[in-house]
Amino acid sequence: MAEVKIESVTKLFGEVKAVNAFSALIRNGEFLSILGPSGCGKTTMLRMIAGFEKANSGEIYIGDHLVSSPEKKIFAPPEKRNIGMVFQSYAVWPHMSVFDNVAYPLKIKGIAKDIIREKTLQALDMVHLDGYADRLPSQLSGGQQQRVALARALVSEPQLLLLDEPLSNLDAKLRESMRFEIKELQKKLNVTVVYVTHDQAEAMAMSDRIVVMHQGVIQQIGSPLEVYETPANRVIADFIGLVNFIDAEARQDTVHIPSLGLTLPSQHDFSGKAVAAIRPEYISLTQDEQAVQGTIVHKVYLGDAVDWRIDVNGAQIRVIDKAAALSQYSSGDRVGLEFKKVMVFPE
Amino acid sequence: MAEVKIESVTKLFGEVKAVNAFSALIRNGEFLSILGPSGCGKTTMLRMIAGFEKANSGEIYIGDHLVSSPEKKIFAPPEKRNIGMVFQSYAVWPHMSVFDNVAYPLKIKGIAKDIIREKTLQALDMVHLDGYADRLPSQLSGGQQQRVALARALVSEPQLLLLDEPLSNLDAKLRESMRFEIKELQKKLNVTVVYVTHDQAEAMAMSDRIVVMHQGVIQQIGSPLEVYETPANRVIADFIGLVNFIDAEARQDTVHIPSLGLTLPSQHDFSGKAVAAIRPEYISLTQDEQAVQGTIVHKVYLGDAVDWRIDVNGAQIRVIDKAAALSQYSSGDRVGLEFKKVMVFPE
Amino acid sequence: MNRSFFSSLKTNLDLKWLVIFVSVGLLLLFTAFPMLYLVLRSLMVEGTLDLTTYWEVYGNIVNWKSFVNTIYISLLVTLVSVAISFPLAWLVGRTDLPGKGFFRTAFVTSYMIPPYVGAIAWTQLLNPSVGYLNEWLVHVFNLSASPFDIYGIGGLIWCFTLFYSPFAFITISRALEKMDPSLEEASRVSGDSPLGTLWRVTLPLMFPSIFAGGVLVFIGVGSAFGIPAIVGMPAQIEVLTTRIVTYVYMGTGKGIREATALAVSLMLVANFILYASTMLMNRRDYVTISGKSTRPGLVELGIWKWPLAALVSLYGFVAIFLPLGSILVTSLIKSLSRPISFDNLTITNWLTAIKNEQYMDTLWNSFISAGLAATIATVLAVFIAYLLVKTRVSGRGIPDGLSTLGGATPSIVIALALIITFSGEFGLNLYSTMAILVVGYMVKYLTMAVRTIAASLSQVHSSLEEAALNSGANWLQALRDVMLPLIGPSIVAGWFLVFMPSFYELTMSIILYGSQTKTIGVLLYELQTYADPQDASVLAVIILFIVLAGNVILRKVSKGAIGI
Amino acid sequence: GCGGGKPAETPKSKGPQGTVMIYTSIYPDIIELIKPEMKKQFPDLDVQWFQAGTEKVMAKIAGEIEAKKVQADLIMVADPSYYLTLKDQNLLLKYDSPNRKDIVANKDTEGYWTGVRISNMIIAYNTAKVSEADAPKSFKDLLEPKWNGKIAMPSPLLSGTAYVAAGVLSDKYGWEYFEQLRQNGMKVEEGNSALQNKLVRGEYHAVMILEENILKIGAKGEPVKVVYPADGTIIIPSPIAILNSSKNQEAAKAVLDWFLTKQGQEVIVKGWMHSVRDDVNPPQGAPALKTFAENAAKPDWAKLAKDNETVKETFRSKVLDK
Ligand SMILES: Nc1ncnc2c1ncn2[C@@H]1O[C@H](COP(=O)(O)OP(=O)(O)OP(=O)(O)O)[C@@H](O)[C@H]1O
Ligand SMILES: Nc1ncnc2c1ncn2[C@@H]1O[C@H](COP(=O)(O)OP(=O)(O)OP(=O)(O)O)[C@@H](O)[C@H]1O
Ligand SMILES: [Mg+2]
Ligand SMILES: [Mg+2]
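What counts and what doesn't
Residues numbered from 1 in each chain as written. Chains lettered and ligands numbered in written order. Predicted model: local features only at pLDDT ≥ 70, side-chain atom pairs only at ≥ 80, totals over all residues. Heavy atoms only, no water. Helix = DSSP H or I, 4+ residues; strand = E, 2+ residues; numbered from the N terminus. Rg over C-alpha atoms; globule rule 2.2 N^0.38 Å. Buried < 20%, exposed > 50% of the residue type's maximum accessible area, 1.4 Å probe, protein only. Contact = heavy atoms within 4.5 Å. Areas by Shrake-Rupley, 256 points an atom, 1.4 Å probe, with all protein chains shown as cover. Lys, Arg positive; Asp, Glu negative; His and termini not counted. Charge placed at Lys NZ, Arg CZ, Asp CG, Glu CD. Axes fitted to C-alpha atoms, helices over the stretch in contact; angles between N-to-C directions. Parallel < 35°, antiparallel > 145°, perpendicular 65-115°, else oblique. Left-handed = near helix turned anticlockwise from the far one by under 90°. Nonpolar A, V, L, I, M, F, W, Y, C, P; charged D, E, K, R; others polar. Pairing = 2+ DSSP bridges. Core = buried A, V, L, I, M, F, W, Y, C linked by side-chain atoms within 4.5 Å. Buried area = accessible area lost by both parts, 1.4 Å probe. Salt bridge = Lys/Arg side-chain N within 4 Å of Asp/Glu carboxyl O. Polar contact = N/O pair within 3.5 Å; in protein donor to acceptor, adjacent residues only side chain to side chain. Phe/Tyr/Trp six-rings, centres within 6.5 Å; stacked < 30°, edge-to-face > 60°. Donors = N, O, S within 2.8 Å, 3.2 Å for Na, K, Ca; no water. Near = heavy atom within 4 Å. Domains from an automatic or database assignment.

1. Some words on the overall build of chain D
Inference 1: A tally of helices and strands in chain D yields 12 helices and 10 strands.
Inference 2: A compact globule built from 322 residues should have a C-alpha radius of gyration of about 20 Å, and chain D, at 20 Å, falls within 12% of that.
Inference 3: Overall size of chain D, expressed as C-alpha extent along the three principal axes, is 70 × 40 × 30 Å.
Inference 4: Within chain D, the fraction of its 322 residues that count as buried is 65%.
Inference 5: Look at the contacts in chain D between residues 6 or more apart in sequence, and 75% of them connect residues 24 or more apart.
Inference 6: Accessible area for chain D stands at about 11,900 Å²; split by element, carbon and sulfur atoms hold 50% of it.
Inference 7: Here chain D contributes 42 positive and 41 negative side-chain charges, whose respective centroids are spaced 2 Å apart.

In structure tokens, the structure reads:
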């Protein structure tokens, strides 16, 4: 029932085109993430689906219902759309206790008191806030408030969940556990989820598909793997994950990188001046003297990996090597670089 | 000048001990992060340093000044402490334009108009908000508002910076660039920074030292490497980074893990029943038949790595392997596991 | 009234617009229609358009002089009231001032004294020949003459400020208490002192409420008759209302037309001020209640704590306890001609007053009519305010303007308008019923509730309402469960701001009351003017006591949620 | 609608029935005295009262006239000139009551209105502040410098009786009289009652005021005393009249008749006003009307009705303008 069809939706704030001709079909039960830099229009798009912002043009269907169409003068109010939402600003009601905040969607549905109680406590449990039911939001930490917002969105098991950076104030441990809960719930209830996040790893781990936006425009829609491994353009490659860009020349089936003195196999449908894009984890450090040689400039310890900057013939190349996490290389050392994969874009 | 000395500070909210006997010496120019699960007292501690919350006991010095001591009835108000702060709730003033928000600390200092203008625009530039100077906060996205708060804290180049999850609503790309700016500024001005974050990678990458808190109590203070590689206890090992816990037996210089049929070298000062803690990146997958064998249960693609769950004699072991990012293993396959390091804690 | 209003109504004929539409309809029928009809009639003489009334009224230099006086006095009182009320509201609402709760109640107490009773109390205290306070000061400081003379522009402004500044105080303090404290903290950490923060952050953030309170004071002062008659007239100070009443008292149709014509100037000025303040604010955003809760923090006054408490107490003493004391003494005194002394005190005034059954009837009448007026007005105000600040429909400000029209019109003109429109000529005959009193109070005081509620509503972040809609609540439910509780203090304040003046309203009631609907205001006036000023004082003290006690009980029962 | 006379269901009594509405400026406590008497006299008649100051009653009626719906059957307000205006507008019912023959005071020759009570504008002083010898003897005496700042009068703009006083005195002494009063620091207050209270407290030493106010508080023991000015007490015989829109004219006539009887007038006198009949005693503490009637001023009611605006405006500009 909760397939969402968005057709060429545009939203203007005065002169600013916050969302520009956005089209997507979100399938029933799908987990779709919207990724993109700060200010690219993610929240605006979500708010249009929820019915808090009126599009300037384009149509939005939820299930079979046309819920928004400025052209046809149709606009269904938010409360008619049966949506659960977590707001980027939490929107936790300061005058209600944690329990009342979370129980609210159930109360509105007129559910029996004891069931409300049970479901609410269950939802609080799920976000690890058992024991906080009677607190007021002002007596909670930021992350705790965010979890209240999450519990409130989940409690009534809506058909469509819109989550706007719902985990941004949680630590990794908790975030992971929340991710798990959201995924479980989604699978159990077959909910459609539209998820806005700034965390690529999160988007990768959870999504069926990812929409990448940039300045209001969709750049690419695809599975996490597609978006990461075969980004549609340089901008996406740059935004999703880290990448080293190096001037190159596209040849048939190969790409030549003069500064590294290297030719690597590659698939692309053009030739001539190009940019080679190499993700830091596509490179590993080696002591093989045959490999491209560089000097370690900088080394940042990341816990589960080390982030290296290596000078190769004047160009700084960034390498993240998990295998090398424990290695004893240090600044100034000469090391070899082994390139496992490369992406190529027209210049 | 901005050394911060905190001596056994405790803060109660009614019955709740939000911060419990917190002591730390933050050196001049040091970058200290406070890490800990949601609700552990990070914000509260920061607010006590800033002077928005009165400690119940203990002393806080900033430089040579005793700024808070309930016992001696001393309490310096926030405006006397020369601090820059980013609030977890942003606290961007809705009635002022972006420019006015950021310029405010300078105006208060009575700096000349043209210098204010210059410095403010510079700060906005730094947070990538050039061109947004005349907007009102209500016309900004969440991440943009957060950056306004950051610019406002940095603009007057205070001696001490308190940052409460200042980058939580920014995408990875921007966050990294902000981290860089903060670090640069810190080095340039030799500012002391106390940084609250829920992002361990961020804490690792930026900090000179990390304080790990749990339920109001300091668990460990140390360099990122120390905290990650030699966590003081199980709780920290679990909180900082991912970890597989497996029942084991501590012997002299080695630890024996019965379920894996494995004995690994290890340093610890006790013997007997123990828990072995192995981080996912301490394990790599191999086709070596000699290695411990397991079956792949689950595989999550993370972009720059793959997150595996592998069943070894009934125990689920988590492995994150960057080298294997491109590998073709899939669920159901049998693989070998090679253990590179192990931590041991008493049970 | 406005095309886009109707078109948005048509496309979204849902609950929200239906409710708003009905409210605006009621407003049009009961407020706008009588006022506008009266104005229309003032433009017609015997059925044809005739501007001679206006020529005469506005051709008369005297009217211009009183116009200037009115504007001057109203503006001055507004400024002084805001200048006093904002710091008081801040001290009481946002700091650790000792005795806050007490002061909070004390400062609204003067609102519970009918201005005509209060003004008389001040003339008793500060008249130049035998004013109690003057005499005391002469005695203590051995002066050769009375230091103060209440009859003068200074005295007028003094009385006005004391009895009308609670509009500002109530409106501002309600909004201040709900403000997100981290907005202030951000300023402190930027290096600003508490006072600087107050000035540069809190004050501007409170602009909607400050303007709202200011507009209310302005409207109230500009259209008041009691204080100018009691304090201004002996000093030969004429204002618009005294001129208007002079016209009305001619007792002719022409007099009514002239009075209306002159009242139009007040309506215009009030609406202009409203419009100007709205324009000033529209460019900014004043959300101070957001979706991220922060801890309520109080500003610590440090060494200023006690000096400030002393200052505030002094103000409270002078502004509230002196006049109240004067009223109380009057109620207990045997003979007004003799000095206050123990043997000149008696409680017989009280005993006779309490035994008088008529008092109970009128109290009940007033209670019902004022209660109804306040409740209906508050409900309408919620919707009008919502339309004004939370929608983007063009023409959304018109209902607000209409309610201001009523507020700015002197009561006597409203009374006439109601007689003329609701005596059956248009099919609706409310004359001599309690309904016409309720309508009259609503017309006159609706703007109090609209302004107060609109100011608070503009400070609530819309995501809080959205979250409720999103939870499946319809618009009314969202309003009930989220918006209204969040601005609860202002709703209560709005209700109270309508209730109190309606309760002891005089000018309108005395013309509109019927044989069964005598009100407390009328009774007070009778006592004051003929029977016994002492009885009037007794009654005033009783009213005050009932309201205060009711307030305390409500606060206790509702755990502080309801009450003023 | 109160004027409509409904036929009583049990026609055993033959007195007037239905309801009658009286608009009056008579003080409420007198109305309370009248009510039981009326009940005795007209057991089947529902008599309703609307009471307010003269000016307020006038304003209410003006509104009702505009709405073409006058509710009053009878009016009894203080200002006689107002009745001339109403008569001019054709709003009064001509009724030559049989009791009119006993009335000595002012009455309309054609019978549109009839005097029903007599109020007097006099001078009153505070005996605690002023000795009897020092007290003013005439309106003219108020110009003596010793009264500077200690005298007052009600505003003719807002009070009907004060208006009559202003008209009479300006006719008699010219407007210079008021100009001089002003120079002598005379204050103008909203109405008689404000003056009364301030006189009692000693804020004013002597005031122009209605006799009935002073008689009443004097009887309570307050230190005030009436002076019947040598240059003419201003006698104001306030009329009663029936409106021709009355729907129960029979009852209205009966009520009017009753007011003019001795019985009716005795109640009026209890309210500290003088009777319009010869055979009724003066109010307690007051001399008989005739003792000060000879040299009393004789207001020109027609002129007062016609010049209303001019008189008020002149007073305003001479005395109230700053
Ligand atoms: N006013 C209060 N009354 C009672 N408890 C409070 C109050 N304020 C905070 N707390 C509790 O104190 C603890 C510490 O809160 P704090 O805000 O310092 O957490 P935090 O570490 O910043 O968490 P987060 O990462 O979620 O922001 C929390 O458990 C919180 O619920
Ligand atoms: N009311 C408004 N008036 C003008 N511009 C606005 C308004 N609201 C948002 N914008 C602009 O529209 C753009 C999109 O905003 P949106 O909130 O959708 O961004 P976002 O992708 O959610 O960003 P973030 O990750 O920072 O939350 C931003 O550039 C923002 O500045
Ligand atoms: Mg956003
Ligand atoms: Mg926090």
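On we go from here.
2. Section: the environment of V196 of chain B
Residue and element names in this part refer to chain B.
Inference 1: In this fold, V196 is placed in strand β9 (residues 192-196).
Inference 2: What makes V196 buried here is its relative accessible area of 0%.
Inference 3: Between the C-alpha atoms of V196 and I111, which are 85 residues apart in sequence, the distance is 30 Å.
Inference 4: In contact with V196, other than residues within four places in its own chain, are I34, K42, L46, L163, D164, E165 and P166.

3. Considerations on the packing of helix α18 (residues 398-408) of chain C against helix α20 (residues 434-457) of chain C
All names here are of chain C.
Inference 1: Contact geometry for α18 and α20: axes closest at 6 Å, N-to-C directions at 130°. Regarding the angle of α18 to α20, the classification is oblique. Relative to α20, α18 is oriented so that their crossing is left-handed. The residues of α20 that touch α18, namely those facing D400, S403, T404, G406 and G407, are V443, K444, L446, T447, V450 and R451.
Inference 2: Among the residues forming the contact of α18 with α20, the class breakdown is three nonpolar, five polar and three charged.

4. A look at the sheet that holds strand β11 (residues 217-222) of chain B
Paired through backbone hydrogen bonds, the strands of a sheet run either parallel or antiparallel to each other.
All names here are of chain B.
Inference 1: Spatial ordering of the open sheet is given by β7-β8-β9-β3-β10-β11, a layout of six strands whose pairing is mixed. The sheet terminates laterally at β7 (83-86) and β11, the two strands that pair on one side only. Within this sheet the neighbouring strands show an average axis-to-axis angle of 15°, counted without direction.
Inference 2: Inspection of the sheet shows strand β3 (residues 31-35) paired to strand β10 (residues 209-214) by four bridges, in the parallel sense. Counterpart to I34 in the pairing with β10 is V211.
Inference 3: Against the sheet, helix α1 (residues 42-50) engages β3, β7, β8 (160-164), β9 and β10, with an angle of about 155° to β8.
Inference 4: Relative to β7, helix α4 (residues 142-155) is tilted by about 175°, and along the sheet it contacts β7 and β8.

5. Looking at the nonpolar core
Inference 1: Formed by 331 residues in total, the largest nonpolar core has its most connected members in F22 and M45 of chain A, M45 of chain B, M500 of chain C together with F178, I234 and F315 of chain D.
Inference 2: Non-local contacts of F178 of chain D, meaning those with residues more than four positions away in its chain, are made with M153, A165, A166, L169, S170, F315 and V319 of chain D.
Inference 3: Ranked by size, the runner-up nonpolar core spans 83 residues in total, among them A277 and Y301 of chain A together with F239 and V342 of chain B.

6. Topic: the interface of chain D and chain C
Inference 1: Contacts between the two partners involve 56 residues from chain D and, on the opposite side, 57 residues from chain C.
Inference 2: Taken together, the two surfaces of chain D and chain C that pack against each other cover about 5,000 Å², and 51% of this comes from carbon and sulfur.
Inference 3: The tally of links from chain D across to chain C stands at three salt bridges.
Inference 4: Where chain D touches chain C, the interface holds nine residue pairs in polar contact (both at pLDDT 80 or more).
Inference 5: Counting only elements with at least two residues in the side of chain D that touches chain C, the list comes to α1 (28-41), β2 (45-51), α2 (54-66), β7 (187-189), α6 (192-201) and α12 (308-320) of chain D.

7. Topic: the packing of aromatic side chains
Residue and element names in this part refer to chain C.
Inference 1: All told, the structure shown has 38 aromatic pairs over all chains when counted by the stated rule.
Inference 2: Geometrically, the ring pair formed by F103 and F107 is stacked, given 6.0 Å between the ring centres and 10° between the ring planes. On the criterion of helical spacing, the pair formed by F103 and F107 is a turn pair, its members being four residues apart in helix α5 (residues 100-109).
Inference 3: What makes F103 buried here is its relative accessible area of 8%.
Inference 4: By relative accessible area, F107 is classed as buried at 4%.
Inference 5: Taking 4.8 Å as the distance between ring centres and 75° as the angle between the ring planes, the aromatic pair formed by Y386 and W475 counts as edge-to-face. Here W475 lies in helix α22 (residues 475-486) and Y386 lies in helix α17 (residues 357-390), a separation of 89 residues in the sequence.

8. Comments concerning the coordination of the magnesium ion (ligand 4)
Expected angles at a metal are 109.5 degrees for tetrahedral coordination by four donors and either 90 or 180 degrees for octahedral coordination by six donors.
Inference 1: Donor atoms from the polypeptide that coordinate the magnesium ion (ligand 4) comprise T43 of chain B (OG1) and Q88 of chain B (OE1), at 1.8 to 2.2 Å from the metal. On the criterion of sequence distance, the pair formed by T43 of chain B in helix α1 and Q88 of chain B in the loop between β7 and α2 (98-108) is long-range, its members being 45 residues apart.

9. Quick look at the site of ligand 2
Inference 1: In the vicinity of ligand 2 lie 20 residues, with G39, T43 and T44 of chain A together with S141 and G143 of chain B positioned nearest.
Inference 2: What surrounds ligand 2 is not a single chain but chains A and B.
Inference 3: Taking E165 of chain A, its side chain carries an N or O atom lying 3.5 Å from an oxygen atom of ligand 2.
Inference 4: Isolated, ligand 2 exposes 640 Å² of accessible area, and the fraction of that covered by the protein chains is 90%.
Inference 5: Of all the secondary structure elements, the ones that give two or more residues to the shell around ligand 2 are α1 (42-50) of chain A together with α4 of chain B.
Inference 6: Considering only residue class, the shell around ligand 2 consists of five nonpolar, 12 polar and three charged.

10. Brief notes about the domain arrangement of chain A
Residues and elements named next belong to chain A.
Inference 1: If you check the domain split of chain A, you get domain 1 (4-234) and domain 2 (242-346).
Inference 2: Relative placement of domain 1 and domain 2: their C-alpha centres are 38 Å apart.
Inference 3: Contacts between the two partners involve six residues from domain 1, matched on the other side by eight residues from domain 2.
Inference 4: A combined buried area of about 670 Å² lies between domain 1 and domain 2, and 50% of that area is made up of carbon and sulfur atoms.
Inference 5: For domain 1, the biggest contributors to the area lost against domain 2 are Y228, E229 and R234; these three give 81% of the whole.
Inference 6: Our count for the contact surface shared by domain 1 and domain 2 stands at one salt bridge.
Inference 7: Of the charged contacts, one joins K341 and E229 as a salt bridge, the two residues approaching to 2.6 Å between their closest N and O atoms.
Inference 8: At the boundary of domain 1 and domain 2, one finds four residue pairs in polar contact (both at pLDDT 80 or more).
Inference 9: Residues belonging to the side of domain 1 that touches domain 2 are distributed by class as follows: three nonpolar, one polar and two charged.

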